[in-house]
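Structural overview for review
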Amino acid sequence: MAAPKVAVVGAGVIGLSTALCIAETCPSCSVTVLSDQFSPNTTSDVAAGMLIPHTYPGTPIHVQKQWFKETFTYLFAISNSGEASEAGIHLVSGWQVFKNTPKEELPFWSDIVLGFRPMSKAELQKFPQHQFGQAFTTLKCDCPPYLLWLEKRLKATGVQMHTRKVADLWELHSEYNVVVNCTGIGAHQLVGDEKLFPIRGQVLKVHAPWVKNFIRDGDGLTYIYPGIHRITLGGTREKESWSLSPDPGTTKDIFDRCCSLEPSLRGAQDIEVKVGLRPSRWCVRLQREVLSQGGVKLPVVHNYGHGSGGFSVHRGTAKEAARLVGECIAALQGSSSRAKL
């Protein structure tokens, strides 16, 4: 058969990195990214981009650990290269603090981040409301630069990018051999996934260059993540809320919570409010499916539902999605060569 045509629908971090993995693992493919929104207007642009995994109850831990390890290894190599600044990727050290000692003192990812250890009594004096903590160094992606860097890499490998609203995956069957669904929260409507729901996140981006360390409350709600130019202060986890409008009361609450962890933030300037809808479900949907109408078949690979953990596992799930695309193409080539017999 001629060069297989693959459409990746969605241009957030999952869509772009999946398209890149397909282009890298299947150089004979023609890959196109279709999305009605590109950076800076995607959910990924709002994300803090910190590599601290969120646990998916419906996905085996060893699988989640593999996804995280692949992502960490990939981004660590970029952070160690001349492209680190352009890609917006850097190492950041800091603390995760808990009001009560957690059941799991060693999370599954503790041996992948760098220098993971319990905090000392002296360090904990910085957080009088908290009695236990973990110190480690991890990676942070500044999201808009990273998405632009991915787009640049895609263009260099010959991937096409088109602004297009896809209302139904089937509409692509006459143009593409395989379709990859990376639409995030859009999959709720696009493929009618009732298991997918939004968790609204409101964050503040502020200028406070003196804050160098990340601080994260173990409940995952309050966090301070320094980027290259701005600091992300968060946050909220509002289940089933579809509102993209910033809430002033929430802004004040986030700011006050972050200042209780890092009082010097009272002097932060240039506060910008962002809202995004995390595409959440019991587990990431990463699987093959064949759509068919009237004897015509369209292989689809789904890769969505990463919730608040997308950046932490994006490269790992993209590699797996690319492997599934390879299986689809092998099956198509097998059936076309059989047809010739």
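Since this is a predicted model, take the numbers as computed values, not measurements.

1. Focus: the overall build of the protein
When its secondary structure is counted, the protein shows nine helices and 14 strands. The globule rule puts the C-alpha radius of gyration for 341 residues at 20 Å, and the 21 Å found for the protein is close to it. Expressed along its principal axes, the backbone C-alpha trace of the protein runs to roughly 75 × 40 × 40 Å. For the protein, the residues scored as buried account for 55% of the 341 residues in total. Taken as a whole, the protein presents about 15400 Å² of accessible surface, with 54% of it coming from carbon and sulfur. Here the protein contributes 36 positive and 30 negative side-chain charges, whose respective centroids are spaced 3 Å apart.

2. Observations concerning helix H3 (residues 61-79)
With 19 residues, H3 ought to run about 27 Å at 1.5 Å a step, and its terminal C-alpha atoms sit 26 Å apart, in line with that. By the burial criterion, the buried members of H3 are Gln-64, Trp-67, Phe-68, Thr-71, Phe-72, Tyr-74, Leu-75, Ile-78 and Ser-79. Relative to the axis of H3, the buried residues are bounded by an arc of 165 degrees and lie together on one face. Turned more than 90 degrees away from the buried face of H3, the exposed residues are His-62 and Thr-73.

3. Comments concerning the packing of aromatic side chains
For the coordinates displayed, the defined rule picks out eleven aromatic pairs. With 6.3 Å between their ring centres and 15 degrees between their planes, Phe-72 and Phe-76 make a pair best called stacked. Of this pair, Phe-72 and Phe-76 both sit in helix H3, separated by four residues, roughly a single helical turn. Of the residues examined, Phe-72 reaches a relative accessible area of 4% and is grouped as buried. On the basis of relative accessibility, which here comes to 29%, the residue Phe-76 falls in the partly exposed class. Aromatic side chains Phe-98 and Phe-132 sit 6.0 Å apart centroid to centroid with 50 degrees between the ring planes, which places their arrangement in the tilted category. Taken together, the residues span a long stretch of sequence, with Phe-98 in strand S3 (residues 89-98) and Phe-132 in strand S5 (residues 132-141) at a distance of 34 residues.

4. A word on the pairing of strand S10 (residues 223-226)
Side chains Tyr-223 and Tyr-225 project from S10 onto one buried face, and the interleaved Ile-224 and Pro-226 project onto a second face that is buried too. Here two bridges tie strand S9 (residues 214-217) to S10, and the two strands are oriented antiparallel to one another. Residue pairing for S10: Arg-216 is matched across the bridge by Tyr-223. Connecting S9 to the antiparallel partner S10 that follows it, the hairpin turn spans five residues, and Gly-220 within it adopts a positive phi of roughly 80 degrees. Bridge count for S10 against strand S11 (residues 231-234) is four bridges, and the pairing is antiparallel. Bridged to Tyr-223 within S11 is Gly-234. Linkage of S10 to S11, two consecutive antiparallel strands, is achieved through a turn of four residues.

5. Details of the packing of H3 against helix H6 (residues 143-156)
At a closest axis distance of 14 Å, the pairing of H3 and H6 adopts a crossing angle of 90 degrees. Considering their axes alone, H3 and H6 lie roughly perpendicular with respect to each other. Contacts between H3 and H6 pair Tyr-74, Leu-75 and Ile-78 from the former with Tyr-146, Trp-149 and Arg-153 from the latter. Grouping the constituent residues of the contact of H3 with H6 by class yields five nonpolar, no polar and one charged.

6. Some remarks on the UniProt feature "domain: FAD dependent oxidoreductase" (unreviewed entry) in the protein
UniProt marks residues 5-324 with the feature "domain: FAD dependent oxidoreductase" (unreviewed entry), using the numbering shown here. Summarising residues 5-324: 28% helix, 33% strand, and an end-to-end C-alpha distance of 15 Å.

7. Focus on helix H8 (residues 248-261)
Between its first and last C-alpha atoms H8 spans 20 Å; for 14 residues at 1.5 Å apiece the expected length is 20 Å, and the two agree. Tucked inside the fold, the buried residues of H8 contact S3, strand S8 (197-207), S9, S10, S11 and strand S13 (269-293). Sitting at the amino-terminal end of H8 is Asp-247, which places a side-chain oxygen 3.1 Å from the backbone nitrogen of Gly-249.

8. Observations concerning the nonpolar core
Core analysis: the largest hydrophobic core is formed by 66 residues, its most contacted members being Val-33, Leu-75 and Tyr-146. Take this core: its biggest share by element is nine residues, from helix H9 (residues 310-340). In this view, Leu-75 contacts Leu-51, Ile-89, Leu-139, Cys-141, Tyr-146 and His-314; residues no more than four positions away in its chain are not counted. Val-206, Leu-233, Leu-261 and Leu-265 belong to the second-largest nonpolar core, a separate cluster that totals 21 residues.

9. Notes on unusual backbone geometry
Cis rather than trans, the peptide bond between Ser-39 and Pro-40 has omega equal to 15 degrees. By secondary structure assignment, the location of Pro-40 is in the loop between strand S2 (30-35) and helix H2 (43-46). Of note in the backbone geometry, Glu-240 takes a positive phi value of approximately 65 degrees without being a glycine. Along the polypeptide, Glu-240 turns up in the loop between strand S12 (238-239) and H8.

Rules and cut-offs
- Residues numbered from 1 in each chain as written.
- Predicted model: local features only at pLDDT ≥ 70, side-chain atom pairs only at ≥ 80, totals over all residues.
- Heavy atoms only, no water.
- Helix = DSSP H or I, 4+ residues; strand = E, 2+ residues; numbered from the N terminus.
- Rg over C-alpha atoms; globule rule 2.2 N^0.38 Å.
- Buried < 20%, exposed > 50% of the residue type's maximum accessible area, 1.4 Å probe, protein only.
- Areas by Shrake-Rupley, 256 points an atom, 1.4 Å probe, with all protein chains shown as cover.
- Lys, Arg positive; Asp, Glu negative; His and termini not counted.
- Charge placed at Lys NZ, Arg CZ, Asp CG, Glu CD.
- Expected span 1.5 Å × (residues − 1).
- Arc of directions from axis to C-beta.
- Phe/Tyr/Trp six-rings, centres within 6.5 Å; stacked < 30°, edge-to-face > 60°.
- Pairing = 2+ DSSP bridges.
- Axes fitted to C-alpha atoms, helices over the stretch in contact; angles between N-to-C directions.
- Parallel < 35°, antiparallel > 145°, perpendicular 65-115°, else oblique.
- Contact = heavy atoms within 4.5 Å.
- Nonpolar A, V, L, I, M, F, W, Y, C, P; charged D, E, K, R; others polar.
- UniProt positions renumbered as here; feature names shortened; annotations may be inferred.
- Polar contact = N/O pair within 3.5 Å; in protein donor to acceptor, adjacent residues only side chain to side chain.
- Core = buried A, V, L, I, M, F, W, Y, C linked by side-chain atoms within 4.5 Å.

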